[in-house]
Amino acid sequence: MKKVISGIAVVAMLCLVGSVSRADDTANGEKTFKAKCAACHGPDAAGKPAMKSPSIKGKTAEDIQKAISTSPKHASLKSLTADQVNELAAYLATLK
Ligand code: HEC
């Protein structure tokens, strides 16, 4: 019985750790977005017609990586790490 209970406790802890790190990703992504993307894509990622920048709400890490490596508009963003791109995607996924 004790084993079952400690097993449950371990599972519960893992769930907790998982959700905390996901929340961290989103928070870091939001910081990076505000610092590096909001000027062109708007404070809520809805895009800015005046800058001809589209909405990037819900864009995946793959979309972001592609946009960064192909668009001359993103020349200043080539230094973003894969982690930062994943965090950005986690944040953009929260905007709908
Ligand atoms: C200097 C202005 C500027 C900045 C800064 C900028 N973008 Fe963009 N972005 C654009 C413009 C303009 C386009 C559309 C034209 C193009 O792709 O060249 C675009 C397109 C995109 C696209 C493709 C959207 C689509 O529907 O095809 C993604 C994804 C994207 N940006 C993500 C980002 C992210 C993430 C950041 C911050 C790390 C960022 N951008 C920072 C101007 C900018």
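Rules behind the numbers
- Residues numbered from 1 in each chain as written.
- Predicted model: local features only at pLDDT ≥ 70, side-chain atom pairs only at ≥ 80, totals over all residues.
- Helix = DSSP H or I, 4+ residues; strand = E, 2+ residues; numbered from the N terminus.
- Contact = placed C-beta atoms within 7 Å.
- Core = buried A, V, L, I, M, F, W, Y, C linked by C-beta atoms within 7 Å.
- Buried ≥ 20, exposed ≤ 12 C-beta atoms within 10 Å, placed from the backbone.
- Near = placed C-beta within 6 Å.
- Nonpolar A, V, L, I, M, F, W, Y, C, P; charged D, E, K, R; others polar.
- Axes fitted to C-alpha atoms, helices over the stretch in contact; angles between N-to-C directions.
- Parallel < 35°, antiparallel > 145°, perpendicular 65-115°, else oblique.
- Left-handed = near helix turned anticlockwise from the far one by under 90°.

A.B. asks: How would you summarise the overall build of the chain if you had to cite specific residues and measurements?
C.D. replies: If you tally the helices and strands in the chain, you get 4 helices and 0 strands. Overall, the chain is about 65 × 25 × 20 Å in size when its C-alpha atoms are taken along their principal axes. In the chain, 61% of the contacts between residues at least 6 apart in sequence involve partners at least 24 apart.

A.B. asks: Run through the nonpolar core, naming residues and quoting values.
C.D. replies: In this structure, F33, C37, A45, I56, I64, V85, L88, A89, Y91 and L92 together form the largest nonpolar core, which totals 10 residues. Per element, the largest residue contribution to this core is 5 residues, and it comes from helix α4 (residues 82–92).

A.B. asks: Explain unusual backbone geometry to me, and be specific about the residues and the numbers.
C.D. replies: Look at A45: it is not a glycine, yet its phi comes out positive at around 65 degrees. Note that A45 resides in the loop between α2 (38–41) and α3 (61–70). Of note in the backbone geometry, K52 takes a positive phi value of approximately 55 degrees without being a glycine. Structurally, K52 is set in the loop between α2 and α3. Owing to 9 C-beta atoms within 10 Å, K52 belongs among the exposed residues under this scheme.

A.B. asks: Can you break down the site of the ligand residue by residue, with the values?
C.D. replies: Neighbouring residues of the ligand: 19 residues in total, closest C37, C40, A67, S71 and K73. Looking at the shell around the ligand, the elements that each hand over two or more residues are α2 and α3. Its residues assigned to classes, the shell around the ligand comprises 10 nonpolar, 4 polar and 5 charged.

A.B. asks: Describe the packing of α3 against α4, naming the residues involved and giving the relevant values.
C.D. replies: Between α3 and α4, the shortest axis-to-axis distance is 8 Å and the interhelical angle comes to 125 degrees. Viewed along their axes, α3 and α4 adopt a mutual orientation that is oblique. Judged by the sense of rotation from one axis to the other, the crossing of α3 with α4 is right-handed. Touching A61, I64 and Q65 of α3 are V85, N86, L88 and A89, all from α4.

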